[in-house]
Amino acid sequence: MNVSHASVHPVEDPPTTGGGNNNNNGPRVRMKDVQGMPGTKGGLALRVSQFFFAAAALAVMSTTSDFPSVTAFCYLVAAAGLQCLWSLMLAIVDIYALLVMRSLQNYQVVSLFAVGDGITSTLTFAAACASAGITVLIDNDLNSCSENHCLQFETATAMAFISWFTALPSFLLNFWSLASR
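Residues numbered from 1 in each chain as written. Predicted model: local features only at pLDDT ≥ 70, side-chain atom pairs only at ≥ 80, totals over all residues. Heavy atoms only, no water.

### Side note on the overall build of the protein
The line we're drawing: A run of H or I in DSSP counts as a helix once it spans at least four residues, and a run of E counts as a strand once it spans at least two, with each numbered from the N terminus. Burial classes: relative accessible area under 20% of the type maximum marks a residue as buried, over 50% as exposed, and values in between as partly exposed (1.4 Å probe, protein chains only). For this analysis, residues touch if any pair of their heavy atoms sits within 4.5 Å. Values of accessible area rely on a 1.4 Å probe in the Shrake-Rupley scheme; residue burial ignores everything except the protein chains shown.
Assigned secondary structure in the protein consists of four helices and zero strands. Listed by position from the N terminus, the elements making up the protein come as α-α-α-α. Counting every position in the protein, which comprises 181 residues, the buried fraction comes to 37%. Here the contacts in the protein between residues at least 6 apart in sequence split such that 79% fall between residues at least 24 apart. Counting every atom, the protein has about 11400 Å² of accessible surface; 65% of that belongs to carbon and sulfur.

Now the structure itself:
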């Protein structure tokens, strides 16, 4: 039986042409942080606005005495509360990253942000849609706004929609960052 034996022969690196700047194996240059991504001033602005509008929706809805009688309004209070907590937590992380000039662009952090933003924005949007449906039912179909707090319900629903509208770019930018890796 004829078996070849493995041997190691040193191989020289081929000479580079053009001054060595065309080396494809060199360090990769990272894309600059896009405003709105975690750890940027735009990301902090989005987080603060998410928190503000979700807190406004939560405060306006919880000041009405009859919101617990409607499941959609209870769902709006729960979703706005979750959005407040999530946005406040990530705003604190963004502030820390900006103060220590640290990038938050590693895979695990961006994955966590993308999943959290996706879940909270979906819950906020669903709660706002459900509350809008009930508000339209009370106002237009039942004509019983005089007995209810329609203005507060409409205001809280609008604040929830605006909170979702500011949460959506955060999710899309984080998801885009994950997909472009």
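Let's pick the thread back up.
### Some thoughts on the nonpolar core
Short version of the rule: In this text, buried Ala, Val, Leu, Ile, Met, Phe, Trp, Tyr and Cys residues form a nonpolar core when linked through side-chain atoms within 4.5 Å.
Formed by 20 residues in total, the largest nonpolar core has its most connected members in Met61, Phe67, Phe73, Leu76 and Phe153. Listed by contribution, the elements that provide at least two residues to this core are α1 (41-62), α2 (71-99), α3 (107-141) and α4 (150-179). Among the elements that make up this core, the one with the highest residue count is α2 (six residues). Here leucine 76 is in contact with Met61, Ala127, Ala128, Ser131, Ala156, Thr157 and Ala160, once residues within four sequence places are set aside. Core analysis: the second largest hydrophobic core is formed by five residues, Trp86, Leu90, Ala97 and Phe113 among them.

### A word on the packing of α1 against α4
Two numbers describe a pair of packed helices, the interaxial angle and the distance between the axes. Operational definition: Note on definitions: angles span 0 to 180 degrees between N-to-C directions of axes, and those axes are lines fitted to C-alpha atoms, for helices only across the stretch in contact. Angles are sorted into four bins: roughly parallel if under 35 degrees, roughly antiparallel if over 145, roughly perpendicular if 65 to 115, and oblique for all others. The crossing is said to be left-handed when, going from far helix to near helix, the turn is anticlockwise and less than a right angle, and right-handed when the turn is clockwise.
Here α1 crosses α4 at 155 degrees, and the two axes come no closer than 8 Å. Comparing the axis directions of α1 and α4 gives the class roughly antiparallel. Note that α1 runs across α4; the crossing there is left-handed.

### Some remarks on the environment of leucine 104
Its place among the elements puts leucine 104 in the loop between α2 and α3. Given a relative accessible area of 13%, leucine 104 falls into the buried group. For the pair leucine 104 and methionine 37, spaced 67 residues apart in the sequence, the C-alpha separation amounts to 8.5 Å. Beyond its immediate sequence surroundings of up to four residues, leucine 104 is in contact with Pro38, Gly39, Val93, Asp94, Ala97, Val109, Val110 and Phe113.

### Examining the packing of α3 against α4
Basically, it comes down to this: Note that Gly is not counted as nonpolar here; it falls among the polar residues with everything else outside the nonpolar set of Ala, Val, Leu, Ile, Met, Phe, Trp, Tyr, Cys and Pro and the charged set of Asp, Glu, Lys and Arg.
The contact between α3 and α4 brings their axes to 7 Å, and the two run at 155 degrees. With respect to α4, the axis of α3 lies roughly antiparallel. Relative to α4, α3 is oriented so that their crossing is left-handed. In terms of residue class, the contact of α3 with α4 is built from 18 nonpolar, eleven polar and three charged.

### A word on the UniProt feature "transmembrane region" (unreviewed entry) in the protein
Under the convention used in this document: UniProt positions are given in the numbering used here, feature names are shortened, and annotations may be inferred rather than shown by experiment.
Summarizing the sequence annotation, UniProt attributes the feature "transmembrane region" (unreviewed entry) to residues 44-63, 75-100, 112-138 and 158-179 in the numbering used throughout. Taken end to end, residues 75-100 has its terminal C-alpha atoms 38 Å apart, with 96% of it in helix and 0% in strand. The distance from the first to the last C-alpha atom of residues 112-138 is 39 Å, and the span holds 100% helix and 0% strand.

### Some details on the pattern of salt bridges
Pairing between side chains becomes possible if they bear opposite charge and their charged atoms approach one another. Just so we agree on the cut-off: By convention in these notes, a salt bridge is any Lys or Arg side-chain nitrogen within 4 Å of a carboxyl oxygen on Asp or Glu.
Here the structure, examined in full by the defined rule, presents one salt bridge. Of the charged contacts, one joins arginine 47 and aspartate 117 as a salt bridge, the two residues approaching to 2.7 Å between their closest N and O atoms. Of this pair, arginine 47 sits in helix α1 while aspartate 117 sits in helix α3, placing them 70 residues apart in sequence. Judged on exposure class, the residue arginine 47 and its partner aspartate 117 are both buried.

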